Amino acid sequence: MLMANGIQMERLLRFGDKTRIIDTRARFILLHNYRLFVPQMHYIWKRIVNVLFIRRVKPKKMLTSLGRPPVYELSTVPFPIPIKNVFFSKIINFWQAGKFRLINSTFFNDKTNNLGDQNMRVVVLEHTPAIFKAIAPNDAPTNARMRELNLLDSNSTTDRSPFFYYGLEMELLKAIAEAMHFQMNLYETADADNERWGTVQGNETLTGILKEMHEGLADFALADLHHTEYHLRFMDLSIPYNTECLTFLTPEALSDNSWKTLILPFNGEMWAGVLISLFLVGFIFYGFSNTLTAWYDADKKLQNLRMIPFKRKPEPWHDTLPKSDIFDHISGCIIYTFSMLLLVSLPRLPNGWTLRVLIGWYWVYCVLVVVAYRASFTAILANPIPRLTIDTLQDLADSSIRCGAWGEQNRLFFERAQDPHSQTIGAKLEHSPDSHQAVEQVGEGLFAYYENIYLLRQLRSTGKSEKTRQTLHIMQQCAVHMPISIGLEKNSPLKYQVDRYVRALVEGGLTGKWLSDAIQRFQSNVELPPQEAIIDLKKMYAGIVALCLGYTVALCTFCAEKFYWRYYVETNPGFDKYLLGFSFNKHS
């Protein structure tokens, strides 16, 4: 990029770095200009390291008079040596008369393979399973002592708290630091407790880790960062070293369904089929009975007409059907149909063979339904009380409980999802900065908290009370399998080497081992104590509900009968209290 105007080149490099339209990891050849090395441009030369600056060396007057050809200086940035207050380029070679003065020089050597034990600022955030924080031992060196040993930058203003950090990402970056030969200066942001990863304020200002990485204040970020477009706006991310299941911590039970034990053996479709068959078979019995009675009456009349002139003796089968049967009235049909389903025998069989055959097959159906219901009902009473949980996004979207997660990026993830259930969850998702307070709300049955499954297991196993721990449930369905990466400074030249070592560590199985070590303390979830398969009063709530329902219906029927007797029977002119056994007509 040979531009003679240094001001335009400076503005172009700034714009290309901000919008990423220029690949800062490419190889550059630029004209040397002092405007490119002002302090405001020093951060650019931490990102563009494969660069050659061409400058014509002004010879002395005596050499100029001798007619010697001009000399061109080839220099580059001093990476990985940090740029302090003044930029000093590193001379690589000289060009004169069509050839280089130094033969064995390399112009674009790999400067990121060995960082020469340079100090790298690493911003950390405690988050399971990437980073854990613990109190440092008494013999841990302080920042002042480390500066004396030249292990920290003397200009560093970071005050190290009396803590040390460990976890999956710490082990990962330690291995990368050993391979790339650099030291780590670990620190937390001043607003780590409140802002954590950071947010974008209304005036486009950043907080937390996002600010540190976007402004180039840190070289690495260890914070269990999601590999998303949202984070890529402010920093670079390594290739994912792990994939975490992000799901919800939900209440264990929202209601008690013991009162529904009588209807639990069958689902809605089965109950609908049973009820339809009850009424349908009752009307079929009534229809067959009346049809047979009509045929019998017609045959009897025809028989009487034929017997008068010829005095013919009636056939034996003419008297097989009685004039009245148990299925002649609709009320009797419904009652006897219900009684057969309850395996109660009929008072007598109908004389019509059509009804007898139909009743026989209906008995087979009743036996199958009753045996299936009894078996399912026995299993429900014998097994422990079922745990009512929310295990899918659809169940969570249909429930009335609120949802919470940290940060705007999680809310945007659900709102921009394609499925309607995720969009419903995104509409009621709240910002929850305090995970422990969110867990307390989940324990009260009013909230669902969104995080990775490892952190949810830790929160569940470290609950304040035993009752709270037993009422927390981790949803089985993952909302998303999120890739996790290490954060690097925006347009960092170290990304290629870091990706190479991360890939090697993942393929070698070390990340899996470090993850297992990190979550070993809370890997065993708090499970509910095993319940004995006994029938207690709680399981018999359905019987009590059925008994109360029967009493209520009987009381209402009794009131209806009293109302009918008082305002209909006794007000009839033909009513006689001494002839209660006789029926009367309304117009008698």
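No experiment lies behind these values; they were computed from the predicted model shown.

A. Local environment of the overall build of the protein chain. On a plain count of helices and strands, the protein chain comes out with 19 helices and 17 strands. Scored against the burial criterion, the 588 residues of the protein chain give a buried share of 39%. Considering only intrachain contacts with a sequence separation of at least 6, the fraction spanning at least 24 residues in the protein chain is 73%. Total accessible area on the protein chain is roughly 34,300 Å²; 59% of this is exposed by carbon and sulfur atoms.

B. Structural view of the side chain of Thr207. Among the secondary structure elements, Thr207 is positioned in the loop between α5 (192-195) and α6 (208-214). Judged by its relative accessible area of 13%, Thr207 falls in the buried class. Not counting residues up to four positions away in its chain, the partners in contact with Thr207 are Asp191, Glu195, Trp197, Gly198, Thr199 and Gln201.

C. Region of the structure containing empty space enclosed by the protein. Scanning the entire structure with this criterion turns up two cavities of 30 Å³ or more. Of the volumes computed, that of the largest cavity is approximately 150 Å³. Together, His127, Trp197, Asp224, His226, His231, Leu246, Trp406, Gln409, Asn410, Tyr450, Glu451 and Asn452 line the largest cavity. Listing elements by their share of the lining of the largest cavity, those giving two or more residues are β10 (220-226), α12 (408-415) and β15 (447-452). For the lining of the largest cavity, the per-class residue count stands at four nonpolar, six polar and two charged.

D. The environment of Ile474, seen in detail. By the element assignment, Ile474 lies in strand β16 (residues 472-474). With a relative accessible area of 10%, Ile474 lands in the buried category. Considered as a pair, Ile474 and Tyr450 are 24 residues apart in the sequence and their alpha carbons are 9.8 Å apart. Once residues within four sequence positions are removed from consideration, Ile474 is found in contact with Thr247, Phe248, Leu249, Asp391, Ile453, Leu456 and Arg457.

E. Broad picture of the pattern of salt bridges. Tallied over the entire structure, the rule returns 14 salt bridges. Across the salt bridge formed by Arg14 and Glu10, the nearest N and O atoms sit 3.5 Å from each other. Taken together, the positions of Arg14 and Glu10, both in helix α1 (residues 6-19) and four residues apart, correspond to about one turn of that helix. Judged by its relative accessible area of 27%, Arg14 falls in the partly exposed class. Since its relative accessible area comes to 17%, Glu10 is described here as buried. Notably, a salt bridge pairs Glu73 with Arg55, separated by 2.9 Å at the nearest N-O pair. Pair noted here: Glu73 is in strand β3 (residues 71-76) and Arg55 is in strand β2 (residues 51-57), with a separation of 18 residues, a long-range link.

F. Fine view of the sheet that holds strand β1 (residues 28-31). Within the open sheet, the five strands sit side by side as β1-β2-β3-β4-β5. Their pairing is mixed. If you trace the sheet from one side to the other, it starts and ends with β1 and β5 (99-100), each paired once.

G. Representation of the nonpolar core within the structure. Counting residues in hydrophobic clusters, the biggest one holds 81 residues, and the most contacted among them are Trp45, Ile176, Phe182, Phe220, Phe248 and Leu494. Looking at which element gives the most residues to this core, the answer is helix α4 (residues 168-180), with seven residues. In this structure, Tyr187, Ala223, Leu225 and Trp406 belong to the second largest nonpolar core, which totals 18 residues.

H. Local environment of the packing of aromatic side chains. Counted according to the given criterion, the structure contains 22 aromatic pairs. With centroids separated by 5.2 Å and ring planes inclined at 85 degrees, the aromatic side chains of Trp45 and Phe53 adopt a geometry described as edge-to-face. No difference in accessibility class separates Trp45 from Phe53, as the two residues are buried. Every member of this aromatic cluster is reached through a ring pair, and the members are Phe37, Trp45, Phe53 and Phe87. Here the guanidinium or amino end of Arg101 rests over the ring plane of Phe94, the centre of that ring lying 5.6 Å away. In this structure, Arg500 packs its charged tip against the face of Tyr501, placed 4.7 Å from the ring centre.

I. Just the state of the cysteines, in detail. The tally for this structure, following the rule as stated, stands at one disulfide. A disulfide-free cysteine, Cys559 has its sulfur positioned 6.5 Å from the sulfur of Cys556, the nearest such atom.

J. Representation of the environment of Ser289. Tracing the chain through its elements places Ser289 in helix α8 (residues 268-310). On a C-alpha basis, the gap between Ser289 and Leu355 in space is 7.4 Å, while along the polypeptide they are 66 residues apart.

K. Looking closely at the pairing of strand β17 (residues 480-488). Of all nine residues that make up β17, seven are buried, and the element is covered over most of its length. As defined by bridge partners, β10 adjoins β17 across four bridges and the pair is classed as antiparallel. Residue His226 lies in a different strand from β17, and its bridge partner there is Ile484. Of the strand pairs in this sheet, strand β11 (residues 236-237) and β17 are connected by two bridges, and their pairing is antiparallel. Paired with Leu237 across the two strands is Gly487, which belongs to β17. Across five bridges, strand β12 (residues 242-251) lies against β17 in antiparallel orientation. Across the sheet, residue Leu246 finds its bridge partner in β17, namely Val480.

L. Seen up close, unusual backbone geometry. The linkage connecting Phe79 with the following residue, Pro80, adopts the cis geometry, with an omega of 10 degrees. Turning to its location among the elements, Pro80 is positioned in the loop between β3 and β4 (90-96). Look at the link from Thr128 to Pro129: it is a cis peptide, with omega at 0 degrees. The backbone of Asp117 sits at a positive phi, close to 60 degrees, despite the residue not being glycine. One non-glycine residue, Asn491, lies in the positive phi region at around 60 degrees.

M. Region of interest: the environment of Arg121. Tracing the chain through its elements places Arg121 in strand β6 (residues 118-124). It is 8.6 Å that separates the C-alpha atoms of Arg121 and Gln183, two residues lying 62 residues apart in sequence. One polar contact links the side chain of Arg121 to the main-chain carbonyl oxygen of Leu217, over a distance of 2.7 Å.

N. Structural context of a nonpolar patch on the surface. Taken together, the side chains of Leu275, Phe279, Phe283, Tyr286, Ile330 and Phe338 define a hydrophobic patch exposed on the protein surface, amounting to about 530 Å² of accessible area. Contributing elements (two or more residues each) for the nonpolar patch: α8 and α9 (330-341). Considering each element in turn, the nonpolar patch owes the most residues, four residues, to α8. Relative to the helices and strands, Ile330 is located in helix α9. A residue is classified by how much of its surface remains accessible, and Ile330, at 33% relative accessible area, is partly exposed.

Parameters and conventions
- Residue numbering note: each chain is counted from 1, following its sequence as written.
- Predicted model: local features are reported for residues with pLDDT of at least 70 only, side-chain atom pairs are reported and counted for 80 or more only, and whole-chain, interface and lining totals are derived from all residues.
- As a rule here, side-chain values cover all heavy atoms of the structure and leave hydrogens and water aside.
- We count a stretch as a helix when DSSP gives it H or I for four or more residues in a row; a strand needs E for two or more, and each element gets its number in order from the N terminus.
- The classification of residues rests on relative accessible area computed with a 1.4 Å probe and restricted to protein chains. Under 20% of the type maximum is buried, over 50% is exposed, and intermediate values are partly exposed.
- Contact criterion: two residues are considered in contact whenever any of their non-hydrogen atoms come within 4.5 Å of each other.
- All accessible areas in this document rest on Shrake-Rupley with a 1.4 Å probe, and a residue is counted as covered only by the protein chains that are shown.
- Cavities and pockets were defined on a 1 Å grid built over protein atoms only: a cavity is a set of grid points that admits a 1.4 Å probe from which the probe cannot escape, a pocket is an open set flanked by protein on both sides within 12 Å along at least five of seven lines, and lining residues are those with an atom within 4 Å of any such point.
- Grid points are joined across faces, edges and corners, and a volume is the space filled by probe spheres set on the points.
- Classification used: nonpolar for Ala, Val, Leu, Ile, Met, Phe, Trp, Tyr, Cys and Pro, charged for Asp, Glu, Lys and Arg, polar for all others including Gly.
- Salt bridges, as used here, are contacts in which a Lys or Arg side-chain nitrogen is within 4 Å of a carboxyl oxygen on Asp or Glu.
- By the convention used here, strands pair only if DSSP detects at least 2 bridges between them.
- Residues belong to one nonpolar core when they are buried, are Ala, Val, Leu, Ile, Met, Phe, Trp, Tyr or Cys, and are joined through side-chain atoms within 4.5 Å.
- In this scheme Phe, Tyr and Trp rings, the latter by its six-membered ring, pair at centre separations within 6.5 Å, and the angle between planes marks the pair as stacked below 30 degrees, edge-to-face above 60, and tilted otherwise.
- Either the NZ atom of lysine or the CZ atom of arginine qualifies as a charge over a ring when it sits within 6 Å of the ring centre and within 35 degrees of the ring normal.
- Whenever a pair of cysteine sulfur atoms sits within 2.5 Å, that pair is classed as a disulfide.
- In protein, a polar contact requires one atom able to donate a hydrogen and another able to accept it; more generally it is a pair of N or O atoms within 3.5 Å, and residues adjacent in sequence count only if both atoms are side-chain atoms.
- What makes a patch is a set of residues exposed beyond 30% relative accessible area and free of salt bridges, joined within 9 Å when like-charged and within 5 Å when nonpolar (Val, Leu, Ile, Met, Phe, Trp, Tyr).

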